[in-house]
Amino acid sequence: MARKTVKRWENHQITGIGRREARTAFYKDSQSRISLNGEWKFKYIDAPELSPEGFEKPGVGNEWDNIDVPSVWQLRGYDKMHYTDVLYPFPINPPYVPDENPTGIYKKIVNLDDQWVQKDTILKFHGVDSAFDVWVNGNYVGFSKVSRLPSEFDITEFVKSGENDVTVRVYKWSDGTYLEDQDMWWLSGIYRDVELINEEKNAVLDVQIDGSLDDSYTNGLFTSKIKMKQAGTNIKWKLSYKGEAVFEGEASFKDKEIYISADIPSVHTWTAETPELYDFTISTDTQEVTVRCGFRRIEIKDKNFCVNGQVILLNGVNHHDYNPKEGRTVTREQMEDDIRLMKQYNINAVRCSHYPANEYFYDLCDEYGLYVINEADLECHGFEWVENYTWITDDESWKNVYVDRSVRMVKRDRNHPSIIMWSMGNESAFGCNFRSAAQAIRELDDTRLIHYEGDFEAEVTDVYSTMYTRLKGLKEIAEYEVKGDKPHVMCEYGHAMGNGPGGLKAYQDMYRKYKRLQGGFLWEWYDHGIHTVEGDNEYYKYGGNYGDFPTNGNFCIDGILMPDRTPSPGMEEYKQIIAPIEITPIAGNIKKIKIENYYDFLNLSTVIINWEIKAENESVQKGIIDDLSVSPHDSCVLELPITPFEMLINTDYYLNVLVCQKEDRKYASSGHEIKKLQIPLNIRRDEFVVREKDDKLMINEVQGVLSITNKNVTAKFSTVYGKLISFGKGETEYITDGPRMNVYRATIDNDMYKKDDWMNKYFIQKPVEETEYVDFEEAEDKVIVKIGTFFSCYNQSWGFECVYVYEIYSCGQMKVEIQGRAVQRGKLEPPFLPRIGIVMKGNQNLQNTMWYGMGPGESYIDSNAASVMGIYESTIDEMMTNYVFPQENGHRENVKWFSIGDGENGLLCRMENKLGLNLANYTDESLEKAQHPFEIEKSNDVIIHLDYRHSGLGSNSCGEEQLEENKVKLQDFSMAFTFSIVKNGTEINEARKQYI
Ligand code: GAL
Ligand code: MG
């Protein structure tokens, strides 16, 4: 239905008015610039039509508010915050948008001097969301859209020496909004830099460079197209490497376009591992510009994509523009911090999801070395949910605006060697407009590959891209020619929402194994929480916290980097999984290790290996290997110069290996850790100790409480509830309740599709343990208490018959043995359980922790590559991982003993076999209930979980479930541990004692 009057911002036939053609962003340019960042006058109105009369004129608006540019106005107190993943917060009626269309009018006075106005004036907006009109000194200049691309206007004819009024009117909604339905906060305004360029009359307008390689991959093929503002300008050019010219020349051309080419022998090639850059400088009598470039060749060879002839593997991450206080406004420093962190974490590729980043971002990728998928600012995901996904994608009348988004991106960014693929957008189905976009990209630049996951058949793309493909599907893609034979890339996987992702190793193994699979990009870099301070509470908001509806809640909290830039355990895990070095023991010889090089270009001569034999926490022997040499994709066997050593009793030995960077790099200095791993040496000698006998234990039973005491111990049991209710010494209680059986964990985001069944069908959070019997008997030097229970949950026929055997010794130790037998008297049962274990409570004063097990960070069965066995010290609070959305956290796998102490004395708990451990100052219930960390209710006791098995994390919030072997099934179990009360500082020695 066409409307009588077409509003400019609802006209999808136009891509802009008066905007200059997109062009490269020079790395350096001698022309003067004035930044228009800073304070602007600002008027916020509910619809563009409500603009005050004459708002665009000079002298108006003195009484308006002030706003800082760049910023998004929703985080400056205007409009409202709203987060949706897929949904448009208005009816789908393209190209029309609601009448109520929040609008911001920005005004700034800019002073220009006489000298400035001799030359031309270009007004450049780096990013404005979503569409805007511009006036200068009351004159209409033009209109532009595409939020995440620059717009330049030549305003020479409108400016004068002295004060100039610049007015910008920004619309929150436009026809462009239909193409900007990315999964993120809806944010508006001038959110990237604004500047004025003082342009020469004969300026260099644009430079296009291609630095490729000949078939030997060693000689450079350089071509450049230079576009001048005026014909007949004399130019000089110089291509240099680290200041040294490798090719120079000069010319005067009749036309405005100049084409240069040269063969450059033996170039320093650019790869993400060797980011070698050249400077191409062009000078005229008035201007000098530099564009950086690199020599590298991207191509498909034998069904794989290659860089410089080498098949590469992408270990990538999806990156959005985000800042917890500024929304989508990010600083150069933050961008650089991001890139540095990525490099430090072994990431070699970044996908600009789902729009082009700031220009500067690509300079950093060139410099630091990251392969980039640059993606057009295009997503119309909401159409999928009305089951008309191709509505505008396959409608020719939208062709220009689709093509414009790719073309402007390519024209701006094509000189960056880091960009290896152009992506036409995200989640917008497939249709004629993508065919046109692909064609337009190829015409502009055929040296890179075309990507678009929504081209489900890989009809026009060069790579077959999928997202969140399960392992089974991925294997099929790898083994059969699914959707043709193009190389495959997983543009999103490993959804990092909340605690997780688990199971990344299985993906990496597949990528490494199968030729067709060339890696993937983890979803995603950041948790998009919005920093909030309310009274004493400092926390991060997510969807719904502003009363925004509909919303996808905490689906925007799905990054490996927490909002405050703390790397999450998932990020530590990813670093290890994708590390370019693999080390495996050679069976039967503790000195020999196999080293595999997963770099695509670097030799392992770039790393040093620090090895150390540890007796649990003590160093026994160590050494450094700094003369390694392994070619890319090759391996070697290394013999470590380990000499015989004396073994301590009852001690485990490990070979710990740290692979570190040999030399300083831009992102990390020498010694930076690339990979860590541990090889258990399994040489434990046991020596047994006989328990000392002490005073006889007194047994007393009053009113349902059975007490066993002497001067070393007080253990109390409830004969009614069939459980231990207190364990301690004298007046001091160490255990205040439990153990009780437990199968539940505070739901993690990756459990979201299990949660309803777990909690509303199997009621795993509603356990009941019924007492079958409580017996006790006296033996020599000990009292044995035996309790039989039946554990199940509300209205369930499955459960466990449990036997708890407590042996209380006169020396004060208490051994606990628990055996559970799974029973089923009906049919219904959970396909798997979060965990099988016990929970007990400890005295609140026992806040110091120590454990021998995996650490230092949290670990789960399918996410433990960043943990090694060791003895660690911490506090109960610090054992927590503070996820933005509270959920199960802080678990440590393979714990052999732990202690909790008050600084003087502690409770030591030694396991018979390794168990999983959680220590917390809150219960699972309070964790489940809280929506934000400050809402987690503190408990009166330390909550202690010991797990026989704890299910993996998986990535099922958007992706693969836990692998079958990492799911805890209803099964028989047994666990045993011994409590003793020890002096602070003696834990390690005490723990080494093995009693008969
Ligand atoms: C993908 C999408 C991303 C994000 C993710 C879920 O489908 O491309 O933008 O929404 O799912 O977090
Ligand atoms: Mg989407």
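What counts and how
- Residues numbered from 1 in each chain as written.
- Chains lettered and ligands numbered in written order.
- Predicted model: local features only at pLDDT ≥ 70, side-chain atom pairs only at ≥ 80, totals over all residues.
- Heavy atoms only, no water.
- Helix = DSSP H or I, 4+ residues; strand = E, 2+ residues; numbered from the N terminus.
- Buried < 20%, exposed > 50% of the residue type's maximum accessible area, 1.4 Å probe, protein only.
- Contact = heavy atoms within 4.5 Å.
- Areas by Shrake-Rupley, 256 points an atom, 1.4 Å probe, with all protein chains shown as cover.
- Expected span 1.5 Å × (residues − 1).
- Domains from an automatic or database assignment.
- Near = heavy atom within 4 Å.
- Polar contact = N/O pair within 3.5 Å; in protein donor to acceptor, adjacent residues only side chain to side chain.
- Nonpolar A, V, L, I, M, F, W, Y, C, P; charged D, E, K, R; others polar.
- Donors = N, O, S within 2.8 Å, 3.2 Å for Na, K, Ca; no water.
- UniProt positions renumbered as here; feature names shortened; annotations may be inferred.
- Axes fitted to C-alpha atoms, helices over the stretch in contact; angles between N-to-C directions.
- Left-handed = near helix turned anticlockwise from the far one by under 90°.
- Pairing = 2+ DSSP bridges.
- Core = buried A, V, L, I, M, F, W, Y, C linked by side-chain atoms within 4.5 Å.
- Salt bridge = Lys/Arg side-chain N within 4 Å of Asp/Glu carboxyl O.
- Parallel < 35°, antiparallel > 145°, perpendicular 65-115°, else oblique.
- Phe/Tyr/Trp six-rings, centres within 6.5 Å; stacked < 30°, edge-to-face > 60°.

A. Main features of the overall build of the chain. Along its length, the chain carries 11 helices and 61 strands. Projected onto its principal axes, the C-alpha coordinates of the chain cover approximately 110 × 65 × 55 Å. Within the span of the chain, comprising 996 residues, buried residues form 62% of the whole. Considering only intrachain contacts with a sequence separation of at least 6, the fraction spanning at least 24 residues in the chain is 73%. Surface summary for the chain: the accessible area is close to 37,600 Å², and the carbon and sulfur share equals 46%.

B. Region of interest: helix α5 (residues 432-444). A rise of 1.5 Å per residue sets the reference length of α5, with its 13 residues, at 18 Å; its end C-alpha atoms lie 19 Å apart and thus fit the reference within 8%. Burial in α5 covers these residues: C432, N433, F434, S436, A437, A438, A440 and I441. Of the surrounding secondary structure, the elements contacted by the buried residues of α5 are α4 (399-413), β30 (419-423) and β31 (449-451).

C. Molecular detail of the domain arrangement of the chain. For the chain, the assigned domains read domain 1 (32-199), domain 2 (204-299), domain 3 (312-576), domain 4 (580-680) and domain 5 (698-991). When each unit is reduced to the centre of its C-alpha atoms, the spacing between domain 1 and domain 2 is 35 Å.

D. Structural view of the site of ligand 1. The immediate surroundings of ligand 1 are formed by D85, D183, H354, N426, E427, M467, Y468, E492, H495, W523, F555 and D558. A distance of 3.0 Å separates an oxygen atom of ligand 1 from a polar side-chain atom of N426. Between ligand 1 and D558 there is a distance of 3.0 Å, counted from an oxygen atom to a side-chain nitrogen or oxygen. Coverage of ligand 1 by the protein amounts to 95% of the 310 Å² it exposes when considered alone. Residues of the shell around ligand 1, tallied by class, amount to four nonpolar, three polar and five charged.

E. Fine view of the coordination of the magnesium ion (ligand 2). Note on the magnesium ion (ligand 2): its protein donors are E379 (OE), H381 (ND1) and E427 (OE). The metal-donor distances range over 2.1 to 2.2 Å. Expressed as a motif, the donor residue spacing for the magnesium ion (ligand 2) is E-x1-H-x45-E. Per residue, the accessibility class of E379 equals that of H381, and both read buried.

F. Structural detail: the UniProt feature "domain: Beta galactosidase small chain/" (unreviewed entry) in the chain. Per the UniProt record, "domain: Beta galactosidase small chain/" (unreviewed entry) is annotated on residues 707-980. The span residues 707-980 carries 5% helix and 52% strand; its end-to-end C-alpha distance comes to 17 Å.

G. Layout of the packing of helix α2 (residues 332-344) against helix α3 (residues 359-368). Running from N to C, α2 and α3 point in directions that differ by 30°, and their axes come no closer than 10 Å. Between α2 and α3 lies a crossing whose hand is right-handed. Here α2 contributes R332, M335, E336, I339, R340 and K343 to the contact with α3, which in turn contributes Y360, F361, L364, C365 and Y368.

H. Here's a closer look at the pairing of strand β42 (residues 653-661). By the criterion of burial, β42 is predominantly enclosed, with eight of the nine residues buried. Note: strand β39 (residues 607-615) against β42, nine bridges, orientation antiparallel. Note on β42: the bridge partner recorded for I613 is L655. When β42 meets strand β43 (residues 673-680), the two strands line up antiparallel, connected through seven bridges.

I. Representation of the sheet that holds strand β5 (residues 65-69) within the structure. The sheet built from seven strands is open, its strands ordered β1-β11-β10-β13-β7-β4-β5 with antiparallel pairing. In this open sheet, the two edge strands, each paired with only one partner strand, are β1 (16-17) and β5. Inspection of the sheet shows strand β10 (residues 131-136) paired to strand β13 (residues 162-171) by six bridges, in the antiparallel sense. Residue pairing across strands places W135 opposite T167, the latter belonging to β13.

J. Focus on the nonpolar core. I347, F361, Y402, M424 and W525 are the most contacted members of the largest nonpolar core, which totals 80 residues. Here this core gets six residues from one element, more than from any other, and that element is α3. Each of domain 1 (32-199) and domain 3 (312-576) contributes no fewer than three residues to this core.

K. Representation of the pattern of salt bridges within the structure. Following the criterion strictly, the structure yields 74 salt bridges and no others. A salt bridge links E195 to R33; the shortest N-O distance between them is 3.1 Å. Placement of E195 in strand β16 (residues 194-199) and of R33 in strand β3 (residues 33-35) is noted, with a sequence separation of 162 residues between them. You can call E195 buried: its relative accessible area is 13%. Salt-bridge contacts for D462 lead to R442; the nearest nitrogen and oxygen are separated by 3.1 Å. Taken together, the positions of D462 in the loop between β31 and β32 (464-467) and R442 in helix α5 put the pair 20 residues apart, joining distant regions of the chain. Look at D462 and you get buried, because its relative accessible area is 19%. Each member of the salt-bridge network shares a partner with another, and the members are R20, R23, D120, E152, E199, K201 and K229.

L. Expanded view of unusual backbone geometry. Of note, the bond from W523 into E524 is cis; its omega dihedral lies within 30 degrees of zero at 0°. The topology assignment puts E524 in the loop between β34 (517-522) and β35 (530-534). Here the amide bond leading from F549 into P550 is cis, since omega sits at -10°, within 30 degrees of zero. Among the structural elements, P550 can be located in the loop between β36 (537-541) and α8 (569-578). One non-glycine residue, S266, lies in positive phi territory at about 40°. Along the chain, S266 turns up in the loop between β21 (257-264) and β22 (278-283). Since its relative accessible area comes to 57%, S266 is described here as exposed.

M. Representation of the packing of helix α6 (residues 471-479) against helix α7 (residues 504-513). Where α6 contacts α7, the two axes come as close as 11 Å, and the packing angle between them is 5°. Regarding the angle of α6 to α7, the classification is roughly parallel. Contact residues: L471, L474 and K475 in α6; A506, Y507, M510 and Y511 in α7. Class assignment of the residues belonging to the contact of α6 with α7 gives a composition of six nonpolar, no polar and one charged.

N. View of the sheet that holds strand β24 (residues 298-301). Strands sit in the order β24-β25-β26 across an open sheet of three strands; the sheet is antiparallel. On the outer flanks of this sheet lie β24 and β26 (310-311), each paired with one strand and no other. Here strand β25 (residues 304-307) pairs with β26 via two bridges, running antiparallel. Bridging across to β26, V307 finds its partner in Q310.

O. Here's a closer look at the packing of aromatic side chains. On inspection of all chains with the given rule, the structure shows 51 aromatic pairs. Ring geometry for W525 and Y526: centres 6.4 Å apart, planes at 75°, overall edge-to-face. Each member of the pair, W525 as well as Y526, carries the same accessibility label: buried. Every member of this aromatic cluster is reached through a ring pair, and the members are Y88, F90, W173, Y178, W186, F383 and W391.

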